[in-house]
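Each chain, letter by letter, is given below.
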Amino acid sequence: MKATVKWVDNAMFLGESGSGHAIVMDGPEDHGGRNMGIRPMEMLLLGLGGCTSFDVMSILSKQRLDVRDCVAEIEAERADAVPSVFTKIHVHFKVSGRNLKESLVERAVKLSAEKYCSASIMLEQAGVEITHSFAVSETD
């Protein structure tokens, strides 16, 4: 896996993935940026959210559940001192669909957290406390 990050100006960078996708990262104005892109630490959280969401949806799809929506809400705490690393992260899944079984959603979240989500497991091994929760709702 490869990626490149190219400095644009001030606190702005252009990141490009090995698969050819690009994203702009920028800092806030009080740190020399223009607030025109996502912050690098926000990208870490989004990567975690994407990784675990991919797992959960893959598991639920294989169970042929009628999932209509899946949202992962991620909240994080960071250390007060530099480096301001993540100390705690909580991922809350909101899964909606028709005739969903709560036990199967719970199993999918647990499997992602404990076995499949490389991002989550890597951060936990680095000392970040990661917790998960979920809510299931019925939709038409």
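Residues numbered from 1 in each chain as written. Predicted model: local features only at pLDDT ≥ 70, side-chain atom pairs only at ≥ 80, totals over all residues. Heavy atoms only, no water.

Visitor: Which residues make up the overall build of the chain, and what values do they have?
Guide: When you go through the chain residue by residue, the secondary structure sums to three helices and six strands. The N-to-C order of helical and strand elements in the chain reads β-β-β-α-β-β-α-α-β. The principal-axis extents of the C-alpha atoms in the chain amount to approximately 50 × 35 × 30 Å. With 140 residues in all, the chain has 29% of them scored as buried. For the chain, the share of sequence-separated contacts (at least 6 apart) that also reach a separation of at least 24 residues comes to 50%. Per element, the accessible surface of the chain, about 9200 Å² overall, is 54% carbon and sulfur. Computed over 15 positive and 20 negative side-chain charges, the separation of the two mean positions in the chain equals 8 Å. (Helix = DSSP H or I, 4+ residues; strand = E, 2+ residues; numbered from the N terminus. Buried < 20%, exposed > 50% of the residue type's maximum accessible area, 1.4 Å probe, protein only. Contact = heavy atoms within 4.5 Å. Areas by Shrake-Rupley, 256 points an atom, 1.4 Å probe, with all protein chains shown as cover. Lys, Arg positive; Asp, Glu negative; His and termini not counted. Charge placed at Lys NZ, Arg CZ, Asp CG, Glu CD.)

Visitor: An account of the packing of aromatic side chains is needed here, citing residue identities and associated values.
Guide: The description of an aromatic ring pair rests on the distance of the ring centres and on the angle between the ring planes. Scanning the entire structure with this criterion turns up zero aromatic pairs. If you follow Arg-78 out to its NZ or CZ, it ends over the ring of Phe-86, 5.7 Å from the centre. (Phe/Tyr/Trp six-rings, centres within 6.5 Å; stacked < 30°, edge-to-face > 60°. Lys NZ or Arg CZ within 6 Å of the ring centre and 35° of its normal.)

Visitor: I'd like to hear about the environment of Ile-23, residue by residue, with values.
Guide: Looking at the element boundaries, Ile-23 is found in strand β3 (residues 22-25). The spacing of Ile-23 and Ile-38 is 15 residues in sequence and 8.2 Å in space, taken between C-alpha atoms. Apart from residues no more than four positions distant in its own chain, Ile-23 is found in contact with Phe-13, Leu-14, Gly-15, Ile-38 and Met-43.

Visitor: Run through the pattern of salt bridges, naming residues and quoting values.
Guide: One pass over the full model with this rule turns up three salt bridges. Residue Arg-34 pairs with Asp-9 through a salt bridge whose shortest N-O separation is 3.4 Å. Pair noted here: Arg-34 is in the loop between β3 and α1 (40-62) and Asp-9 is in strand β1 (residues 3-9), with a separation of 25 residues, a long-range link. Where Asp-66 meets Arg-68, a salt bridge forms, and the shortest distance between an N and an O atom there is 2.9 Å. (Salt bridge = Lys/Arg side-chain N within 4 Å of Asp/Glu carboxyl O.)

Visitor: Lay out the nonpolar core with the relevant residues and their values.
Guide: Among the nonpolar cores identified, the biggest contains 22 residues, and Leu-48, Val-56, Leu-60, Ile-89, Phe-93 and Val-95 are the most heavily contacted of them. Among residues more than four places away in sequence, those in contact with Val-95 are Leu-60, Val-67, Asp-69, Cys-70, Leu-100, Val-105, Ala-135, Val-136 and Ser-137. (Core = buried A, V, L, I, M, F, W, Y, C linked by side-chain atoms within 4.5 Å.)

Visitor: Give me the lowdown on the sheet that holds strand β2 (residues 12-17), citing residues and values where you can.
Guide: What the three strands build is an open sheet, ordered β1-β2-β3; its pairing is antiparallel. In this open sheet, the two edge strands, each paired with only one partner strand, are β1 and β3. With strand direction ignored, the average angle separating the axes of adjacent strands in the sheet is 20 degrees. For β2 and β3, the ladder comprises four bridges, and the chain directions are antiparallel. Within β3, the residue paired with Glu-16 across the bridge is Ala-22. (Pairing = 2+ DSSP bridges. Axes fitted to C-alpha atoms, helices over the stretch in contact; angles between N-to-C directions.)

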